[in-house]
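Coordinates in review
Spelled out from the first residue to the last, the chains are:
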Amino acid sequence: MYLTHLECPRCGKAYPATELRNLCGCGSPLLARYDLAAVADAVTPERFTLRPADLWRYRELLPVVDQRHVTTLGEGWTPLLRVPTYGARIGIPDLIVKDEGLTPTGSFKARGAAVGVSRARELGVERIAMPTNGNAGAAWATYAARAGIGSTIVMPLDAPAICRREVLAAGGDLRLVDGLISDAGRYVAALVAASGGAVFDAGTLREPYRLEGKKTMGYEIVEQLGWQVPDVIVYPTGGGVGLIGIHKAMRELRELGWIEEPLPRLVAVQSTGCAPIVRAFAAGEDRARPWEDARTIAYGITVPSPVGDELILDALRASAGTAVAVDDAELLGDLRDFGADEGLLLCPEGAACLTAARHLREGGWIRAGERVVVLNTGAGLKYPETVDVSAVPVVA
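Residues numbered from 1 in each chain as written. Predicted model: local features only at pLDDT ≥ 70, side-chain atom pairs only at ≥ 80, totals over all residues. Heavy atoms only, no water.

Re the sheet that holds strand 1 (residues 3–7)
- Pairing in this open sheet of three strands is antiparallel, and the strands run 2-1-3 from one edge to the other. The outermost strands of the open sheet, each flanked by one partner alone, are strand 2 (14–15) and strand 3 (31–34).
- Relative to strand 2, strand 1 runs antiparallel, the two being bridged by two bridges. In the sheet register, Glu7 faces strand 2, and the bridge partner there is Ala14. (Pairing = 2+ DSSP bridges. Helix = DSSP H or I, 4+ residues; strand = E, 2+ residues; numbered from the N terminus.)

Structure follows, in C-alpha cells:
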C-alpha cells in the first residue's frame, strides 16, 4: 500500500486514508497522498508496458489497497489521435486529441467512477448519492451497480436524456430537479444529512478518490508520448476534477523522476454562458464567484459554482496556463469543421477546446511548433442535437 494519508491543500491538515471522508473541516477538498519514494523503488515506467491496457496499470499510484475491491469495465488507455488536417487549418500542426468517448458509459467520467466506487466499496459504503449534469451520474450508477452498491443520482430536468436513461438502466434511483447542478447539490446535501450516515456524498470533489481516477489521463498522455510531456493541454472545465487531476499527475510524475520540467501549460475552457473560472482567473482572484443564469449547449461545463475553484486556479497559475471562454455558435462551427476534416464527432465540450486552441493560436499564446493535446471528454453520439439535419433534402 503506497497511499499514506489525505491532505487538505488549503490548511495542510492530514487525515487517515483508512476512514471515509468528504471535505476538510475548513471546507476544502482533500487530496490523496502517496509514498512516492517507495513507488519509485517498486516500479519503473518500463513495467507499465507489460500490464493490461487500462487505468489500473498504474495501481501503485491509485488508492485501492485490496485488489479484490477493484470495480472495472476496462476503462482507460484511450487513444491519442493526431489530427493534422484540422491542426493545419488552425495553425497547430502538432495537434493531438485524446478521445475519452471510447471509455465505458461514453465519457471520461468512467475513470473517476471506477476508482471512486472501488475505494468506496473498500471502505464499506453501501449507497452513494451525487448531483450531476449527466455523464458523471450515468458512470457512477453503472459502476455502483457493478460493485453491488446502491446509487441515488440527482440531475437537472434538462440534462441529456441518454444520461437519465443510463442511470435507470443501471438500477439507479434517479431524481430530477427543476434547476441547475447547484440545485441538485442542495438536494443531495439534504438527503445525505437526513440519512444518518447511510448515504455517502460522492459529489464532485466531495470525496477524494474520483480525482485519482481522473488523474490517470495525465499518466496516459505522458506514457503514450514516450514519457514526454506536451507543451499545452486544453481541458473543458466545469467542476474541474480532470484538470486538477492532470496537474496532480504531472507533479507526481515529476517527483518520481519520470518527467522533467517544464510541465505542460494547462488551459481551462469554459462557455461564455458559464465562466466563473475564466472571470476569477482574469481578475487575479483565488476564489470564483457563482455565475448567474448559467447556460450553454456544452452541458457538462455548466457548473456555476465549482467546489474546486481554488485548486483549478492554482493549477492554471502553477503551470503558467490560462482560462478561456468560448461561444456556443463557435464551438458548434468547430465541431462541424473538425468532423469534416478528421472524421470524428466530438462532444460539445471537446469542441469547445478546439475553439479555445484556435483562439489561443491566433493570439500567439500557443506558439508555432508547440505540441497541443486537446481532451475530447465524451462520445459525440451522446449529443445528436449538435448536428442539425433539418436542411437535408428528402429524395423521392
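A closer look at unusual backbone geometry
- Between Glu261 and the following residue, Pro262, the backbone shows a cis peptide bond with an omega angle of -5°.
- Structurally, Pro262 can be placed in the loop between helix 10 (241–256) and strand 11 (265–271).
- Positive phi is not limited to glycine here, since Trp227 has a value of about 60°.
- Summarising the element assignment, Trp227 is placed in the loop between helix 9 (216–224) and strand 10 (232–236).
- In this model, Asp293 sits at a positive phi of 55°, which is unusual for a non-glycine residue.
- By secondary structure assignment, the location of Asp293 is in the loop between helix 11 (276–283) and helix 12 (309–318).

So, the packing of aromatic side chains
- Within the structure shown, the criterion is met by seven aromatic pairs.
- A centroid spacing of 5.4 Å and a plane angle of 70° characterise the contact between Tyr86 and Phe338, whose relative ring orientation is edge-to-face. Here Phe338 lies in helix 13 (residues 328–342) and Tyr86 lies in helix 3 (residues 84–90), a separation of 252 residues in the sequence.
- Every member of this aromatic cluster is reached through a ring pair, and the members are Phe48, Tyr58, Tyr219, Trp227 and Trp258.
- For the cation-ring pair, Arg57 lies above Trp77, with the distance from its terminal atom to the ring centre recorded as 4.1 Å. (Phe/Tyr/Trp six-rings, centres within 6.5 Å; stacked < 30°, edge-to-face > 60°. Lys NZ or Arg CZ within 6 Å of the ring centre and 35° of its normal.)

Regarding the packing of helix 5 (residues 135–147) against helix 6 (residues 161–169)
- Look at helix 5 against helix 6: their axes get within 8 Å of each other, and the N-to-C directions meet at 15°. One element, helix 5, and the other, helix 6, form an angle in the roughly parallel class. Remark: the crossing between helix 5 and helix 6 carries left-handed chirality. Contacts between helix 5 and helix 6 involve Asn135, Gly137, Ala138 and Ala141 from the first element and Cys163, Glu166 and Val167 from the second.
- Within the contact of helix 5 with helix 6, the residues separate by chemical class into four nonpolar, two polar and one charged. (Axes fitted to C-alpha atoms, helices over the stretch in contact; angles between N-to-C directions. Parallel < 35°, antiparallel > 145°, perpendicular 65-115°, else oblique. Left-handed = near helix turned anticlockwise from the far one by under 90°. Contact = heavy atoms within 4.5 Å. Nonpolar A, V, L, I, M, F, W, Y, C, P; charged D, E, K, R; others polar.)

Some words on the nonpolar core
- In this structure, Ile233, Leu243, Ile246, Leu253, Trp258, Leu316 and Leu375 are the most contacted members of the largest nonpolar core, which totals 56 residues.
- If one sorts the elements of this core by residue count, helix 10 sits on top with eight residues.
- Once residues within four sequence positions are removed from consideration, Trp258 is found in contact with Val43, Thr44, Pro45, Phe48, Leu61, Trp227 and Leu253.
- By size, the runner-up hydrophobic cluster in this structure holds 31 residues, among which are Ala120, Ala136, Ala144 and Ile153. (Core = buried A, V, L, I, M, F, W, Y, C linked by side-chain atoms within 4.5 Å. Buried < 20%, exposed > 50% of the residue type's maximum accessible area, 1.4 Å probe, protein only.)

Brief notes about the state of the cysteines
- One pass over the structure, following the stated rule, counts zero disulfides.
- In this structure Cys353 is a free cysteine whose sulfur lies 8.0 Å from that of Cys347, the closest cysteine sulfur available.
- By relative accessible area, Cys353 is classed as buried at 0%. (Disulfide = S-S within 2.5 Å.)

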